[in-house]
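Below, each chain spelled out in residue letters.
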Amino acid sequence: MTEESQLIVEQVGEVSIVGFSEPTLLNAYNVNESAKELYNLIEKQGHRWIVLDLSTIKMLSSQTLGVFLNARHKLEKLGGKVVISGIDPKLSRVFKITNLESVFEFFADTSLAVECLKKCVNV
């Protein structure tokens with residue numbers, strides 16, 4: 001039996017665009033599997049510049065926010081960066097309520113996020 005990937009990864013140069021196969025990140029199993037895959041990208045595969053594309057996400061849990069924070073922390077320690085793109089306005093309230101809107105950079109779409117990270121890579 002093969003497990004279906006929770007993440008959809010697209011490379012644009014050194015920037016990795018990470019999307020999600022499920023429209024909700026509420027279920028503990030899906031969140032844990034997504035976390036494992038995301039941490040694997042960072043720790044084992046060497047991805048350093050990541051756009052989390054939330055354009056398909058309609059709902060997420062506090063556990064998911066923790067995964068995003070851990071990914072940010074891991075990348076900062078390695079000299080990388082994570083940004084968020086395409087977030088639904090309803091979901092952006094979750095980041096505001098939890099005071100995480102100042103922790104992450106947000107972009108309306110992935111192309112703007114990729115351009116931002118490309119500048120970081122070339123510094």
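**Here's the deal with the environment of Ser62**
Along the polypeptide, Ser62 turns up in helix H2 (residues 62-77). Look at Ser62 and you get exposed, because its relative accessible area is 63%. For Ser62 and Val94, which are 32 residues apart along the polypeptide, the C-alpha to C-alpha distance reads 8.9 Å.

**Section: the nonpolar core**
Membership of the largest hydrophobic core comes to 27 residues, with the highest contact counts inside it found for Phe20, Leu38, Ile50, Leu52, Leu54, Phe68 and Phe95. Sorting the residues of this core by element identifies strand E2 (15-20), helix H1 (28-43), strand E4 (49-53), H2, strand E6 (81-85) and helix H3 (89-97) as the ones contributing at least two each. A per-element tally of this core places H1 first, with six residues. Not counting chain neighbours up to four residues away, the residues in contact with Leu52 comprise Val18, Phe20, Leu38, Phe68, Val82, Val83, Ile84 and Ser85. Trp49, Val51, Val83 and Leu117 belong to the second-largest nonpolar core, a separate cluster that totals ten residues.

Analysis parameters
Residues numbered from 1 in each chain as written. Predicted model: local features only at pLDDT ≥ 70, side-chain atom pairs only at ≥ 80, totals over all residues. Heavy atoms only, no water. Helix = DSSP H or I, 4+ residues; strand = E, 2+ residues; numbered from the N terminus. Buried < 20%, exposed > 50% of the residue type's maximum accessible area, 1.4 Å probe, protein only. Core = buried A, V, L, I, M, F, W, Y, C linked by side-chain atoms within 4.5 Å. Contact = heavy atoms within 4.5 Å.

These figures come from the coordinates and say nothing about function on their own.
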